[in-house]
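# Remarks on the overall topology
Listed here are the chains, written in short residue letters.
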Amino acid sequence: MSLAAYCVICCRRIGTSTPPPKSDTRWRDIRNIIKFTGSLILGSSLFLTYEVLALKKSLTLDTQVVEREKMKSYIYVNTVSLDKRENHGVTFQARKELHKAVRKILAASAKILQSSFADPFSTVDVEDHECAVWLLLRKSKSADKAARLEAVREMSQTHHWHDYQYRIIAQACDPRTLIGLARSKESDLRFFLPPPPLPSLKEDSSIEEELRQLLVSLPQTELDECIQYFTSLALSESSQSLAAQKISTHCDKIEANGGLQLLQKLYQLHKDYPKVQRNVMRIIGNMALNEHLHSSIVRSGWVSIMAEAVKSHHIMEASHAARTLANLDRETVQEKYQDGVYVLHPQCRASQPIKADVLFIHGLMGAAFKTWRQQDSEQMLTEKALGDEDRYTTCWPKTWLASDCPALRIISVEYDTSLSDWRARCPMERKSIAFRSNELLMKLRAAGVGDRPMIWISHSMGGLLVKKMLLEASKKPEMSTVINNTRGIIFYSVPHHGSHLAEYSVNIRYLLFPSLEVKELSKDSPALKTLQDDFLEFAKDKNFQVLNFVETLPTYIGSMIKLHVVPVESADLGIGDLIPVDVNHLNICKPKKKDAFLYQRTLQFIRETLAKDLEN
C-alpha cells in the first residue's frame with residue numbers, strides 16, 4: 001500500500017507543477033523517472049524476496065518428488081488457516097498467483113535441465129523433518145543401481161523416525177525397495193505393512209477342504225512319480241501333506257487359484273506348529289524361483305511375513321525365510337536357491353564382500369540343520385529348550401563359523417534319505433548316489449557354487465555324494481569352474497570303503513527291505529569301489545587339500561543294537577590327515593562346544609586352505 005501511495009504522489013506532482021524551462025524540465029523528468037523506477041524495483045525486490053522466503057514455510061509444491069512418491073492410498077490436503085480473513089482479499093489473491101508463477105518457473109527449469117529439482121529446491125516440497133523421507137524414496141527409484149542400494153541402506157539404518165514416517169515408506173516404496181528392506185539386517189519392522197485381509201472361507205467349508213480343492217485343480221499328467229504320490233496322499237489322508245514340497249512345477253496354477261492367500265491362512269492358523277510354518281515357507285520359496293510371480297507374492301503380503309521370520313532366533317525358521325527373500329531379491333542376488341539349498345550366512349544384504357564358499361552335505365538320515373547342531377547333553381538340552389543360541393547352537397556353521405569367518409558364504413543342502421524302503425517318504429523314490437549327485441550338482445550350480453573358491457564339508461554318505469559330484473563335474477565343460485575353484489574337502493566319517501550298516505540287520509524290515517542308499521554302502525559294492533578308485537586318482541591330480549575325521553565309538557541303532565558304523569580303515573581316503581575322535585557316528589560332526597578340538601581343527605583347515613583367497 002505504501003508503494004502505491006508513493007507512486008500516486010509522484011504522478012500528481014508531475015501533473016500539477018508549473019512548466020519550467022525546457023532544459024530544466026527534461027533533466028527533472030529524467031530524475032523523477034529514475035526515482036520512480038528505483039523505488040519500484042527496490043520495493044518489488046523486497047516483496048519478492050519476502051514471498052520466496054515465505055514459500056518454504058507456507059506452501060507445498062507439486063514437484064516431481066511429491067507427484068511420484070506420495071502414495072495413491074493417501075489423500076494429501078493442503079492445510080489452510082481457520083481465519084477467513086487470511087483467505088480473501090487482494091493480498092491473498094496476489095500471493096496465490098505469485099506462487100503459481102513460481103511453480104511454473106521451477107517446473108520449466110527442471111524440464112529444461114532434464115532432471116528433477118535439486119536438493120535445495122526439494123526442501124521446499126515438505127516440512128524439514130519429512131524432507132529425508134521423500135528424498136530417500138526418490139533415491140530408491142533412481143536409475144543408478146548404486147544409488148538405489150545406498151538409499152535402502154540408509155533407510156534400514158534409520159531408527160529415529162515417527163511411526164507415520166515408516167508407514168509413508170511402506171506405502172510409497174516399490175517392491176524392489178521393500179524386498180531390499182526385508183533383507184537388511186537392521187530394518188525396522190514398521191517398514192512393512194500388515195498383509196492385506198484374507199478372503200473368508202466359503203460357507204460350510206474349511207481350510208483343509210480348500211487345500212484339497214487346490215490340489216485337485218493341479219495337473220496330474222507328465223509328473224514325477226513322487227509328486228503324484230504325495231498329491232494322492234494329501235487328497236486321501238491329510239491336507240498337511242501339501243508340504244510334500246515337490247510341487248514347484250505347479251506354481252502358476254497355485255497362484256491363479258488363490259494358493260498364496262490359502263497358504264497364508266494355513267501359516268497363521270499354525271502359529272504354534274513351527275514345522276507346518278516352515279513347510280509353508282518352503283513352498284513360497286519354491287514359488288519365488290519364478291520371477292513372473294514376484295509381484296503376486298509381494299501383493300499378497302508375504303514379504304512382511306518373511307521380514308519378521310528372517311529375524312527369528314530360530315535358525316531353521318530364519319533360514320527358510322532368508323531363502324525365500326533371496327529368491328525374490330533380483331537387485332543384489334543373481335543366484336537362485338532351489339528346494340533344499342539354504343544359505344546359512346549371509347542371510348541378509350551385507351556390505352562385506354563374500355570371498356569364498358563353504359558347503360555342508362549331510363549323510364544318511366541327516367538334514368540341513370540338525371546334522372550340524374552342537375552335541376547334545378543334559379545341560380545342553382535344557383539350554384536348547386530355552387532357545388539360547390549363544391550357549392547351545394542348533395547349527396554351528398550358522399552360529400560359530402559365520403562369526404569366525406564372516407567373508408564366507410555358508411550353504412547347507414538337504415535331501416531325503418532312508419534306511420529302509422518301508423520308511424521311505426516316497427516309496428517310488430529309489431535314487432542312487434549317481435542320480436542324487438547329479439541332481440544336487442545342478443541345484444548348487446544354480447546357486448552360484450563354482451563362482452568362488454570353496455570347501456566341501458560332508459558327513460557319512462554325504463562324502464560319497466561330494467566325490468561323485470566332483471567326478472561328474474569334471475566330465476562337463478560347463479561345470480569346470482566347480483573343479484577349478486574347489487580348494488579342499490573335509491570328510492566326517494565317510495565310508496569310502498563301505499559301512500557295517502549294510503551288513504547288519506537292525507531289525508526284520510531293514511533286513512528284508514534295505515534302501516538303495518544302504519545297499520550302496522556295502523563293502524562289496526562295485527559302484528563304491530569304482531567311485532573310490534576314480535576319485536583318489538582325480539584328487540591327487542588336482543592336489544585337493546583333504547582332512548578326514550573318523551569315529552572310534554559304536555553308535556546305538558534303536559534301543560538294543562550297537563554298531564561301529566564306519567571303522568577307521570573305511571574312513572581312510574588314502575590322502576590327507578586321518579584323525580580319530582572319541583565319539584560315535586552321529587556326533588562326529590557335532591562339536592561339544594566352540595573351543596572343542598573337533599571345531600577348532602575344522603576352523604584351522606578352512607582358514608589355512610582359503611588363506612590366499614580370503615586375503616585378496
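Right, let's walk through the structure included here. (Residues numbered from 1 in each chain as written. Predicted model: local features only at pLDDT ≥ 70, side-chain atom pairs only at ≥ 80, totals over all residues. Heavy atoms only, no water.)

### Points about the overall build of the protein
Note the threshold: Helix and strand assignments come from DSSP, with helices taken as H or I runs of at least 4 residues and strands as E runs of at least 2, each series counted from the N terminus. A simple rule labels every residue: compare its accessible area, found with a 1.4 Å probe on the protein chains alone, to the largest value its type can have, and call it buried under 20%, exposed over 50%, or partly exposed in between. Any pair of residues with heavy atoms lying within 4.5 Å of one another is described as a contacting pair. For every accessible area listed, the method is Shrake-Rupley and the probe measures 1.4 Å; residues are considered covered only by the protein chains on display.
Secondary structure assignment for the protein yields 27 helices and nine strands. Within the protein, the proportion of its 616 residues that are buried is 49%. Restricting the contact set of the protein to residue pairs at least 6 apart, pairs at least 24 apart contribute 75%. Total accessible area on the protein is roughly 31,800 Å²; 55% of this is exposed by carbon and sulfur atoms.

### A look at a nonpolar patch on the surface
Inclusion rule: Residues enter a patch when their relative accessible area is above 30% and they make no salt bridge; the linking distance is 9 Å between like charges and 5 Å between nonpolar side chains (Val, Leu, Ile, Met, Phe, Trp, Tyr). By salt bridge we mean one thing: a side-chain nitrogen of Lys or Arg within 4 Å of a carboxyl oxygen of Asp or Glu.
Nonpolar side chains collect at one region of the surface, where W27, I30 and I34 lie side by side and expose about 330 Å² of accessible area between them. You can see I34 is positioned in helix α2 (residues 22-58).

### Side note on the nonpolar core
Most often, soluble globular proteins keep nonpolar side chains buried together rather than apart. Heads up, the rule is: In these notes, a set of buried Ala, Val, Leu, Ile, Met, Phe, Trp, Tyr and Cys residues joined through side-chain atoms within 4.5 Å is what counts as a nonpolar core.
L137, I169, M287 and W302 are the most contacted members of the largest nonpolar core, which has 52 residues in total. If sequence neighbours within four positions are ignored, M287 has contacts with C251, I254, E255, L260, L293 and I297.

### Description of the packing of helix α6 (residues 131-140) against helix α7 (residues 145-156)
As a reminder, the rule being used: Axes, fitted as lines to C-alpha atoms, cover a helix only where it is in contact. Angles between the N-to-C directions of the axes lie from 0 to 180 degrees. It is the rotation of the near helix from the far one that decides the hand of a crossing: anticlockwise by less than a right angle makes it left-handed, clockwise makes it right-handed. As a working rule, the residues Ala, Val, Leu, Ile, Met, Phe, Trp, Tyr, Cys and Pro are called nonpolar, Asp, Glu, Lys and Arg charged, and the rest polar, with Gly in that last group.
Running from amino to carboxyl end, α6 crosses α7 at an angle of 145 degrees, the nearest separation of the two axes being 7 Å. Helix-helix and strand crossings are classified by hand; for α6 and α7 the assignment is left-handed. Note on element contacts: α7 touches α6 through A147, R148, E150, A151, E154 and M155, opposite L136, L137, K139 and S140. Its residues assigned to classes, the contact of α6 with α7 shows five nonpolar, one polar and four charged.

### Here's the deal with the pattern of salt bridges
A full pass over the atoms with the stated rule returns 20 salt bridges. E150 is paired through a salt bridge with R153; the nearest N and O atoms lie 2.4 Å apart. Here E150 and its partner R153 are both found in helix α7, three residues apart, which amounts to about one turn of the helix. Assessed through its relative accessible area of 25%, E150 is described here as partly exposed. Taking relative accessible area as the criterion, R153 reaches 36% and is therefore assigned partly exposed. A single salt-bridge network, built from bridges that share partners, covers D163, D188 and R190.

### Regarding the sheet that holds strand β6 (residues 545-551)
Here is the rule we go by: Note on pairing: two strands pair once DSSP finds at least 2 bridges between them.
An order of β1-β3-β2-β4-β5-β6-β9 is seen for the seven strands of this open sheet, with the pairing classed as mixed. The strands lining the two open edges of the sheet, one partner per strand, are β1 (341-345) and β9 (577-581). Shown here is a sheet whose adjacent strand axes are inclined to one another by a mean of 20 degrees, direction ignored. Here strand β5 (residues 486-492) pairs with β6 via five bridges, running parallel. Bridge pairing in β6 links Y492 to F549.

### Section: the side chain of T486
Condition: Pairs of N or O atoms are called polar contacts if they sit within 3.5 Å, as long as, within protein, a hydrogen donor faces a hydrogen acceptor (for residues adjacent in sequence, only side-chain-to-side-chain pairs).
On the secondary structure map, T486 appears in strand β5. At 3.2 Å, the side chain of T486 and the side chain of W456 are in polar contact. Of note is the side chain of T486, whose polar atom sits 2.6 Å from the backbone oxygen of V482. Look past the residues within four positions of T486 in its chain and what remains in contact with it is M454, W456, L470 and F544.

### Considering helix α16 (residues 302-309)
Where burial is concerned, most of α16 is hidden: seven out of the eight residues are buried. Within the sequence span of α16, burial applies to W302, V303, S304, I305, M306, A307 and A309. The inward-facing, buried residues of α16 contact α9 (175-182), α13 (259-269), α14 (274-287), α15 (294-299) and α17 (315-328).

### A look at the environment of A402
With respect to the element layout, A402 can be found in helix α19 (residues 396-404). When near neighbours in sequence (up to four residues on either side) are disregarded, A402 contacts H345, P397 and I410.

### Focus: helix α20 (residues 433-446)
Cut-off, in case you're wondering: To estimate how far a helix should reach, multiply one less than its number of residues by 1.5 Å. The directions considered for the arc are those from the helix axis to the C-beta atoms.
Look at α20: 20 Å from first C-alpha to last across 14 residues, which is about the 20 Å you get at 1.5 Å a residue. Among all positions of α20, only I433, R436, S437, L440, L441, K443 and L444 are buried. Each buried residue of α20 sits inside an arc of 165 degrees when the element is viewed along its axis, so together they form one side. At the C-terminal side of α20, G448 shows a positive phi close to 85 degrees.

### Thoughts on the packing of α19 against helix α26 (residues 597-609)
Angle between the axes and distance between the axes: these two values describe a pair of packed helices. Rules: Angles are sorted into four bins: roughly parallel if under 35 degrees, roughly antiparallel if over 145, roughly perpendicular if 65 to 115, and oblique for all others.
Relative orientation of the contacting elements α19 and α26 amounts to 50 degrees, with a least axis distance of 12 Å. When the axes of α19 and α26 are compared, the pair comes out oblique. For the pair α19 and α26, the sense of crossing is right-handed. Here α19 contributes W396, W400, L401 and D404 to the contact with α26, which in turn contributes Y599, T602, L603, I606 and R607.

### Quick word on the packing of aromatic side chains
Condition: Under the pairing criterion, centres of Phe, Tyr and Trp rings, with the six-membered ring standing for Trp, must be within 6.5 Å; the plane angle then separates stacked pairs below 30 degrees from edge-to-face pairs above 60, leaving the rest tilted.
Evaluated as defined, the whole model comprises 14 aromatic pairs. The interplanar angle of 75 degrees and the centroid separation of 5.7 Å between the aromatic rings of Y267 and W302 together place this pair among those described as edge-to-face. Taken together, the positions of Y267 in helix α13 and W302 in helix α16 put the pair 35 residues apart, joining distant regions of the chain. For the pair Y267 and W302, one class covers both residues: buried.

### Focus on the environment of H314
Relative to the helices and strands, H314 resides in the loop between α16 and α17. Linking H314 and C395, residues 81 residues apart in sequence, is a C-alpha distance of 10.0 Å. There is a polar contact of 3.3 Å between the side chain of H314 and the side chain of H313.

### Looking at the side chain of R282
Relative to the assigned elements, R282 resides in helix α14. Looking at R282, its side chain comes within polar contact range of the side chain of D339, at 2.6 Å.

### A closer look at unusual backbone geometry
The general pattern is negative phi for most residues beyond glycine and trans for most peptide bonds. The residue after H345, namely P346, is reached through a cis peptide bond having omega -10 degrees. By the element assignment, P346 lies in the loop between β1 and β2 (356-361). In this model, S493 sits at a positive phi of 45 degrees, which is unusual for a non-glycine residue. Summarising the element assignment, S493 is placed in the loop between β5 and α23 (508-512). For N543, which is not glycine, the phi dihedral falls at a positive 60 degrees. Mapped onto the secondary structure, N543 falls in the loop between α25 (526-542) and β6.

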